[in-house]
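# Coordinate inspection notes
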Amino acid sequence: AGAALACMEIAADYGAAQHFGMSTLSTAVFRAWYAHGAPALALQISAVLLVAAIFAVIVGVALLQVFHRFALNSSLSWSEELQIFGHIWIVFLGIPIAYRRSAHLYIETFCDMLPRGPRAAFNLAVELTWVGFAVSLMVLGFMVARVAHLQSSPGLEVPMSYPYSGMVVGGAYLLLVAARRIAGG
């Protein structure tokens, strides 16, 4: 039901944007995917938008928590837990976003001292290390999520596999980004 609602919302957003001649974030994703034939770009935009949306929810819940605690003198039992789960998703989605932008620290000083041939081999070894990290993140994240599904969170009462599935999703996105970088895209 939630996915159907999201699809209807996106369709309505796209239709309104077409009618008024305005561009929205969902139309940017749609155009990147269909009009420009760039599904990788659409995935990148979607990942950044998802991280931004999660961050906005975290900020909103934090403000709500502060209001309840100090203005109403009543703490929310679920707010801190939701913020922690959001941080888990932001971290594991942020890894491939930063990797795609080459924002992770790297042994550049050592790499710059190498001749051209060994430098290319070293760069390939670094990229393959990222692939190994992505695969291990997906496999181990799936194992943790499978075991954690048997337990519910105390505040939100959702299966603990929900927050830990961020490891699997982030690992899969990281694997796609790494494969694209190795392929030269």
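These lines cover the structure that appears in this document, whether it is placed above or below. The shown structure was predicted, so the numbers you read here are calculated from the model rather than taken from an experiment.

## Focus: the packing of helix α4 (residues 79-100) against helix α6 (residues 116-148)
Put simply, α4 and α6 touch, their axes get as near as 13 Å, and they point 165° apart. Classed by the angle they form, the pair α4 and α6 counts as roughly antiparallel. Between α4 and α6 the crossing geometry is left-handed. Each of Phe92, Ile95 and Tyr99 in α4 lies in contact with α6, whose residues at this interface are Glu127, Trp130, Phe133 and Leu137. The residue inventory of the contact of α4 with α6, partitioned by class, reads 6 nonpolar, no polar and 1 charged.

## Re α4
The end-to-end C-alpha separation of α4 is 32 Å, in line with the 32 Å expected for 22 residues at 1.5 Å each. Approximately 30° is the largest bend angle found in α4, and it occurs at Gly94, with the proline Pro96 only one to four residues beyond. Trailing α4 by a residue or two, Ser102 shows a phi angle of about 55°, which is positive.

Rules of the game
Residues numbered from 1 in each chain as written. Predicted model: local features only at pLDDT ≥ 70, side-chain atom pairs only at ≥ 80, totals over all residues. Heavy atoms only, no water. Axes fitted to C-alpha atoms, helices over the stretch in contact; angles between N-to-C directions. Helix = DSSP H or I, 4+ residues; strand = E, 2+ residues; numbered from the N terminus. Parallel < 35°, antiparallel > 145°, perpendicular 65-115°, else oblique. Left-handed = near helix turned anticlockwise from the far one by under 90°. Contact = heavy atoms within 4.5 Å. Nonpolar A, V, L, I, M, F, W, Y, C, P; charged D, E, K, R; others polar. Expected span 1.5 Å × (residues − 1). Bend = angle between axes of the 7 residues up to and from the residue.

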